[in-house]
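# Summary of the model geometry
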Amino acid sequence: MSVVNAAIFGVHLIFAALWAGTVLFMTYAVLPTALNGDSSPGPLSAITGKLRTVSRASATLLFLTGGHLAATRYTAESLTGTGRGHLVLTMIVLWFILAGLVEVGASKLSDGFDQQKVREPARNARPFLLGASLVSILLLLDAGAILGLY
């Protein structure tokens, strides 16, 4: 593996872990605080903004680095005809689902926080953030399976 490919792979892994970790932290630590009404809209809005920033930056960087990695490691036949290729395609689908769930969940939070509400937006966002957390875990398992096949 060249130094460039190693750096690209490193960036890919770092942002995948950052994205998954941010989503899991939001669901595990921040969302229950909002559901209990133990925080105010201002700080929660700032945290939600950080979630969106991490999600959008990670989605962009993962698209770019993953595209490079796929182009240098796979052919169309190996993506569609091998177990590892199927895992890569599954990962792409899961990344799109994760991005959508985070965007919807964060929008529901932001809209409510802008109206100075806390509990209701948290309840509205909860199913989307729980789904995003599940998808994050599935993505990490998928990545482990891909790496286990090398």
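Keep in mind that this is a model prediction, so the values were computed, not measured.

## Structural notes on helix 1 (residues 3-35)
- Spanning 33 residues, helix 1 covers 46 Å between terminal C-alpha atoms, matching the ideal 48 Å at 1.5 Å per step.
- A bend of about 35° at methionine 26 is the largest found in helix 1.
- Of the residues trailing helix 1, glycine 37 is marked for its positive phi of about 75°.

## A look at the packing of aromatic side chains
- Applying the stated criterion across every chain, the model contains 1 aromatic pair.
- For the ring pair tryptophan 19 and tryptophan 95, a centre distance of 4.8 Å and an interplane angle of 5° mean the geometry is stacked. Here tryptophan 19, found in helix 1, pairs with tryptophan 95, found in helix 4 (residues 83-114); they are 76 residues apart in sequence, far enough to count as distant.
- Accessibility expressed as a relative area gives 1% for tryptophan 19, which makes it buried.

## As for the UniProt feature "transmembrane region" (unreviewed entry) in the chain
- Per the UniProt record, the feature "transmembrane region" (unreviewed entry) sits at residues 7-31, 87-106 and 127-149.
- Taken end to end, residues 87-106 has its terminal C-alpha atoms 28 Å apart, with 100% of it in helix and 0% in strand.

## So, the nonpolar core
- Counting residues in hydrophobic clusters, the biggest one holds 31 residues, and the most contacted among them are Trp95 and Leu98.
- Broken down by secondary-structure element, the contributors of at least two residues to this core are helix 1, helix 2 (41-73), helix 4 and helix 5 (119-148).
- The element best represented in this core is helix 4, accounting for 10 residues.
- Those residues in contact with tryptophan 95 that sit more than four places away from it in its chain are Ala16, Trp19, Leu62 and Leu139.

Rules and cut-offs
- Residues numbered from 1 in each chain as written.
- Predicted model: local features only at pLDDT ≥ 70, side-chain atom pairs only at ≥ 80, totals over all residues.
- Heavy atoms only, no water.
- Helix = DSSP H or I, 4+ residues; strand = E, 2+ residues; numbered from the N terminus.
- Expected span 1.5 Å × (residues − 1).
- Bend = angle between axes of the 7 residues up to and from the residue.
- Phe/Tyr/Trp six-rings, centres within 6.5 Å; stacked < 30°, edge-to-face > 60°.
- Buried < 20%, exposed > 50% of the residue type's maximum accessible area, 1.4 Å probe, protein only.
- UniProt positions renumbered as here; feature names shortened; annotations may be inferred.
- Core = buried A, V, L, I, M, F, W, Y, C linked by side-chain atoms within 4.5 Å.
- Contact = heavy atoms within 4.5 Å.

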